[in-house]
Structure formats: C-alpha cells, structure tokens
Amino acid sequence: RGSGTVSHRGNADAVKCTARFTKVGGASYAVTSHCATETGRYEVSGRVNAAGGNRYSGWVETNGQRGNVVILQQGNHLTVTVTSGKGSGHLSLSR
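Residues numbered from 1 in each chain as written. Predicted model: local features only at pLDDT ≥ 70, side-chain atom pairs only at ≥ 80, totals over all residues. Heavy atoms only, no water.

**Q** Can you lay out the packing of aromatic side chains for me, pointing to particular residues and giving the numbers?
**A** What the rule picks out here adds up to one aromatic pair. With 6.0 Å between their ring centres and 85° between their planes, Tyr29 and Tyr56 make a pair best called edge-to-face. Within this pair, whereas Tyr29 is found in strand β3 (residues 28-37), its partner Tyr56 is found in strand β5 (residues 55-62), the two being separated by 27 residues in sequence. Under the relative-accessibility criterion, Tyr56 is labelled buried at 17%. For Arg66, the ring lying beneath its charged end belongs to Trp59, and the centroid distance is 3.7 Å. (Phe/Tyr/Trp six-rings, centres within 6.5 Å; stacked < 30°, edge-to-face > 60°. Helix = DSSP H or I, 4+ residues; strand = E, 2+ residues; numbered from the N terminus. Buried < 20%, exposed > 50% of the residue type's maximum accessible area, 1.4 Å probe, protein only. Lys NZ or Arg CZ within 6 Å of the ring centre and 35° of its normal.)

Now the structure itself:
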C-alpha cells in the first residue's frame, strides 16, 4: 500500500495504490494493483523478474497501455517507477 504521483500529458496527479505480488516461477512475479487518483480508479497488472540484488524489472499494463517498470526493494519498502510513451509514475509502497 502506498502513494506517489502519475504524470500524463504534462499533468501530474496524486495516486494511491495497493499491490499484490504472486510468485509464478523461479524469479518471476505477477503484479496486480488497484490505484486511484482524483479522476478515476485503475487496475494495473503485469510481470516482473528479479534483476539482481534488490532490483526487479518488467512490464505493467492498464487500459491497453503498457509500460516498463523498475522496482527497488529495501526491507518492507518498495520504490516503483513506471515509464511509457504516454507518461510516467513514481510510487512508494510499504507493507
């Protein structure tokens, strides 16, 4: 659970999300999250793989738009960065 900002077409919105990671094999995890901004609610899904140390990378998708995601883990804290051609997002999540 956490919060951050989402930028889209030059506008930045505050966002709150809850996320769940489910191991699907080896070092691969399915990601599902529910996020909300002032303008709406979004379900985000994707897949990440361990990229060494405390770093995970992969993709996420919502409403037919796909972006790249990088997750850094420090204890019970996750820093999430999502980038795509349409915008970007930065979140801090904690247990």
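**Q** Any chance you could break down the sheet that holds strand β1 (residues 2-8) for me, citing the residues and the numbers?
**A** Consider a sheet: its strands pair through backbone hydrogen bonds, and that pairing is either parallel or antiparallel. Reading around the circumference, β1-β2-β3-β4-β5-β6-β7-β8 is the order of the eight strands in this closed barrel, with antiparallel pairing throughout. Across the sheet, the axes of successive neighbouring strands diverge by a mean angle of 25°, strand direction being ignored. One ladder, built from seven bridges, connects β1 with strand β8 (residues 87-94); its direction is antiparallel. Looking at the pairing, Gly2 lines up with Leu93 of β8. (Pairing = 2+ DSSP bridges. Axes fitted to C-alpha atoms, helices over the stretch in contact; angles between N-to-C directions.)

**Q** Can you tell me about the pattern of salt bridges, naming the residues and giving the values?
**A** One pass over the structure, following the stated rule, counts one salt bridge. Among the salt bridges present, the one from Arg66 reaches Glu61, with a minimum N-O distance of 3.9 Å. Judged by relative accessible area, Arg66 falls into the partly exposed class, the value being 49%. Relative accessible area serves as the criterion here: at 30%, Glu61 is assigned to the partly exposed category. (Salt bridge = Lys/Arg side-chain N within 4 Å of Asp/Glu carboxyl O.)

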